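What the coordinates show
Residues per chain, in single letters:
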Amino acid sequence: MKKIKRIVLLVVAVLVLLVAASGVKTVLDMKNSADNEVQEEDSTRWAEPTSDPLSLEGIADASAKYASAAVNGSLNLVFNGIWSRQTDYFTVPGGSLTITGYGTLDGQGSYWWTRQRAGQNAHPRPYLVCFNHCEHVTLENVTLTNSPAWTVHPLYCRNVVIRGLNIKNPADSPNTDGIDPDGCQDVRIHDCTIDVGDDCIAIKSGTEDTPNRQVCERIIISNCHFLHGHGGVVLGSEMSGGIRNVVVSSCVFYETDRGIRLKTRRGRGGTVEGIQLNNLVMEKVMCPFVFNMYYFCGANGKMKHVWDKAPYPVTDATPCLRDVVISDVRARQCTACAGFFYGLAEMPVEGVKMQNVVVEMVDGASGRPAMMDGCPEMQRAGFYLRNAADVDLRGVA
């Protein structure tokens, strides 16, 4: 009976929020699941709902594991305490969405990670928080942990502000990216600490199989701290809609496999351009800069056109990486190589300029900087370039 009352209270709270936000059209879909159910805490409690904003406090468990909200209007959610759920999905076309507070969203990802490693997931894993076709989104001061897959996924959104997040997923959790703007415009990410099992931030714009691909552009990332992860700030590999006008500044990378990582492959198409990286500090990073146009992970990654080093005809499916400026970077205790730029035989990495970049190599474990077929294992190497044009390394020490 106590459990039913708690679920009813949560449903009522969300319904009050949606009605107050729009007054026009609300949709609430909550599904219960018996799988991987977590015992409720005796101390579970929610504050009485308020109209503007809705405030949730205390501890909630996974009894209602999925929540989705579609709203015409505005939604403002403030929470503190611990919210233990597997996914929260928001659609607010034309309205505003704000999620703030100093609480914790726990995605209970271990259930999904175990199934993923065993090949038992028949369908894609859920994201912890997904914004779909939203405008004027603010997500701030929240702790997000144990995401089943990507942690924060803004999809086809505009005017997004993400600040003050603390994202923590285990280092061995599969594909648990931190923040992945996908086909978005006008995004600001700042003052976040991200420690995850895959890429900390990955900017995307869909694959060749994505219908209605949209460019991801005007992205600013600043004052963030990246811990572990395969890459600190990553562009791609899903870049078929194009990625442009990205600024990354005043960030610290510690023990990420790679610092800045651009990845794509034949068939993806799209152009990455207008990228500016400055005032960065890296420590104990295997390779600070990786531009890889033979990326082989994911579906169809082992096909011949992905790994073949012979030139192919240039078509709309040929990706392009160009116009990157890197300045004022200090990278210490790097182990594999200072930089790895590997373009396509028919489309080189082009127009990379480095100014005031210092890379310190030390003895350590060897490694393969790029996830590509035939990537050599390296140790204390300098810059490795293949199929690269107009690359200016005169500002590197």
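Worth saying up front: this structure is predicted, and the values here are computed from it rather than measured.

1. A few points about the overall build of the chain
Scanning the chain for helices and strands turns up three helices and 28 strands. Contacts spanning at least 24 positions in sequence make up 74% of the contacts within the chain whose residues lie at least 6 apart. If you sum the accessible surface of the chain, you get close to 16,300 Å²; carbon and sulfur atoms cover 50% of it.

2. Comments concerning the layout of surface pockets
Considering only enclosed or pocket space, the largest pocket measures out at about 730 Å³ in volume. If you trace the largest pocket, you find 28 residues lining it, with Trp150, Asn175, Lys204, Glu238 and Gly298 closest to the centre. Residues that form the lining of the largest pocket fall into these classes: eight nonpolar, eight polar and twelve charged.

3. Observations regarding the sheet that holds strand 16 (residues 199–203)
Across the sheet, which stays open at both edges, the six strands sit in the order 16-19-21-23-25-27 with parallel pairing between neighbours. Where the open sheet ends on each side, the last strands, each with one partner, are strand 16 and strand 27 (381–386). Averaged over all adjacent pairs, the angle separating strand axes in this sheet is 10°, with direction ignored. In this sheet, strand 19 (residues 231–236) lies alongside strand 16 in parallel orientation, the contact comprising four bridges.

4. Side note on the pattern of salt bridges
Under the definition given, this model contains 16 salt bridges. We note a salt bridge from Asp186 to Arg158, for which the minimum N-O separation is 3.8 Å. You can see Asp186 sitting in strand 14 (residues 185–190) and its partner Arg158 sitting in strand 12 (residues 158–163), a full 28 residues away along the chain. Residue classification places Asp186 among the partly exposed residues on the basis of a relative accessible area of 23%.

5. What about the packing of aromatic side chains?
Here the structure, examined in full by the defined rule, presents nine aromatic pairs. Measuring from ring centre to ring centre gives 5.0 Å for Phe226 and Phe253, while their planes differ by 50°; the resulting arrangement is tilted. Of the two residues, Phe226 is situated in strand 18 (residues 225–227) and Phe253 in strand 20 (residues 243–254); the sequence distance between them amounts to 27 residues. When sorted by exposure, Phe226 lands in the same class as Phe253, which is buried.

6. Points about the side chain of Arg265
Counting through the fold element by element, Arg265 comes out in the loop between strand 21 (258–263) and strand 22 (271–283). For the buried Arg265, which has no salt bridge, the nearest side chain bearing the opposite charge is Glu208, at an N-O separation of 5.0 Å. Arg265 has contacts with Met293, Tyr294, Tyr295, Phe296, Cys297, Gly298, Ala299, Asn300, Gly301, Val306 and Pro319, leaving out every residue within four places of it along the chain.

7. Some points on the environment of Leu277
Among the structural elements, Leu277 can be located in strand 22. A residue is classified by how much of its surface remains accessible, and Leu277, at 1% relative accessible area, is buried. For the pair Leu277 and Ser327, spaced 50 residues apart in the sequence, the C-alpha separation amounts to 6.3 Å. If we skip the residues at most four places from it in the chain, Leu277 touches Val248, Ile260, Val324, Val325, Ile326 and Ser327.

8. Describing the environment of Leu344
Mapped onto the secondary structure, Leu344 falls in the loop between strand 25 (337–342) and strand 26 (349–361). In the structure, Leu344 is positioned 78 residues away from Arg266 in sequence and 8.1 Å away in space, judged by C-alpha atoms. Sequence-distant contacts of Leu344, that is, excluding residues within four places in its chain, are made with Arg266, Met293, Tyr294, Thr318, Pro319 and Asn387.

9. Observations regarding unusual backbone geometry
Following Gly236, the chain continues to Ser237 via a peptide bond in cis, the omega torsion being 0°. Structurally, Ser237 can be placed in the loop between strand 19 and strand 20. The backbone of Gln108 shows a phi angle near 50°, a positive value even though the residue is not glycine. Its place among the elements puts Gln108 in the loop between strand 7 (104–106) and helix 2 (110–117). You can call Gln108 buried: its relative accessible area is 9%. In this model, His133 sits at a positive phi of 55°, which is unusual for a non-glycine residue.

The rules behind each value
Residues numbered from 1 in each chain as written. Predicted model: local features only at pLDDT ≥ 70, side-chain atom pairs only at ≥ 80, totals over all residues. Heavy atoms only, no water. Helix = DSSP H or I, 4+ residues; strand = E, 2+ residues; numbered from the N terminus. Contact = heavy atoms within 4.5 Å. Areas by Shrake-Rupley, 256 points an atom, 1.4 Å probe, with all protein chains shown as cover. 1 Å grid on protein atoms, 1.4 Å probe; cavity = no way out; pocket = protein on both sides within 12 Å on 5 of 7 lines; lining within 4 Å. Points joined across faces, edges and corners; volume = space filled by probe spheres on them. Nonpolar A, V, L, I, M, F, W, Y, C, P; charged D, E, K, R; others polar. Pairing = 2+ DSSP bridges. Axes fitted to C-alpha atoms, helices over the stretch in contact; angles between N-to-C directions. Salt bridge = Lys/Arg side-chain N within 4 Å of Asp/Glu carboxyl O. Buried < 20%, exposed > 50% of the residue type's maximum accessible area, 1.4 Å probe, protein only. Phe/Tyr/Trp six-rings, centres within 6.5 Å; stacked < 30°, edge-to-face > 60°. Lys, Arg positive; Asp, Glu negative; His and termini not counted.

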